Each structure stands twice: as structure tokens, then as C-alpha cells.
Amino acid sequence: MGVSVNAVSESGERWLVDLRVYEGVYRKNHYPVRVVEVPAPPPHENRQELEHKMAEFALTEVRLHMQSGSLPPKGMQVNGHRAWQMDSAETSSITYDARP
């Protein structure tokens, strides 16, 4: 149960985080979160670290949205202007779900 990450992909200033949402009334194997207007990443971080930070950012945004209301039925689009600013105190551990 809960929210877990299926996959993270990037194309320029846009990232797509595919989530699995099984919490409350939600039963979605694939819930797309489009993160747009993402600034250039910190130069010292490798691809795996960037994907981890982006997944944490998307999870946080979805959880905050779920606390304040319902999720849009076909996915979310969020502004990623602060995606790289999250620190370890703001993030939780990610679960990657290998199921299609």
C-alpha cells in the first residue's frame, strides 16, 4: 500500500516520474507526474542521484496534494523549480516497484 516509484525519465527540462498509487481510494498502477521547468541539475551529482532526488520530489508533491485534496485522475504536472533544493530532512525513503 502507499505510493511507490515505477520509473524516472528525463528529457531536457522535463522529467516524468511514473508512480504506483495504492492509498485510500486510489488504485493506480501507473500515475504520471510531469515535472516541468526544472533548472539545470547540480554538476557534482551523477545520474542515479538525480533520479533519486527527482523521485523524492515527485513523491513529496503527490503526498502533499493528497493531503490537501484529491489527485487529478490522469496525472499531475508540477513546477520543478525547486526539485534540486530538497534535502535529506524533507525526503523519505523511496520504494522502486519493478512491476509493469
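Criteria and cut-off values
Residues numbered from 1 in each chain as written. Predicted model: local features only at pLDDT ≥ 70, side-chain atom pairs only at ≥ 80, totals over all residues. Heavy atoms only, no water. Buried < 20%, exposed > 50% of the residue type's maximum accessible area, 1.4 Å probe, protein only. Helix = DSSP H or I, 4+ residues; strand = E, 2+ residues; numbered from the N terminus. Pairing = 2+ DSSP bridges. pLDDT = per-residue confidence, 0-100. Contact = heavy atoms within 4.5 Å. Expected span 1.5 Å × (residues − 1). Polar contact = N/O pair within 3.5 Å; in protein donor to acceptor, adjacent residues only side chain to side chain.

Trainee: Whenever I open this one, the pairing of strand E2 (residues 14-23) confuses me. Can you help?
Mentor: If a strand is regular, its side chains alternate between the two faces of the sheet. Among the ten residues that make up E2, seven are buried, leaving the element largely enclosed by the rest of the structure. Here nine bridges tie strand E1 (residues 2-11) to E2, and the two strands are oriented antiparallel to one another. Looking at E2, one finds that Ser11 is bridged to Arg14. The turn joining E1 and E2, which pair antiparallel and follow one another in sequence, is formed by two residues; a positive phi near 70° is taken by Gly12. Where E2 meets strand E3 (residues 26-36), eight bridges bridge the pair, whose relative direction is antiparallel. The residue of E3 that forms the bridge with Val21 is Lys28. With antiparallel pairing between neighbouring strands as the criterion, E2 and E3 make up a hairpin whose turn holds two residues, including Gly24 at a positive phi of roughly 60°.

Trainee: I tried to follow the confidence of the model for the chain on my own but got confused; where do I start?
Mentor: Parts of the prediction with low pLDDT should not have their coordinates interpreted in detail. Model confidence for the chain is summarised by a mean pLDDT of 86, while 84% of its residues fall at 70 or above. Every residue in residues 88-92 scores below 50 in pLDDT, and together they form six contacts with partners more than four places removed in sequence or on other chains.

Trainee: Before we go on, may I ask you to explain helix H1 (residues 47-68) in this structure?
Mentor: Helical periodicity: at 3.6 residues per turn, an α-helix aligns residues three or four positions apart in one direction. Here H1 is 22 residues long and its end C-alpha atoms lie 32 Å apart, about the 32 Å a rise of 1.5 Å per residue gives. Every buried residue of H1 is accounted for by Leu50, Met54, Ala55, Glu56, Phe57, Ala58, Leu59, Thr60, Glu61, Val62 and Met66. In this structure, the buried side of H1 is in contact with E1, E2, E3 and strand E4 (76-79). Measuring from the side-chain oxygen of the N-cap residue of H1 to the backbone nitrogen of Gln48 gives 3.0 Å; that N-cap residue is Asn46.

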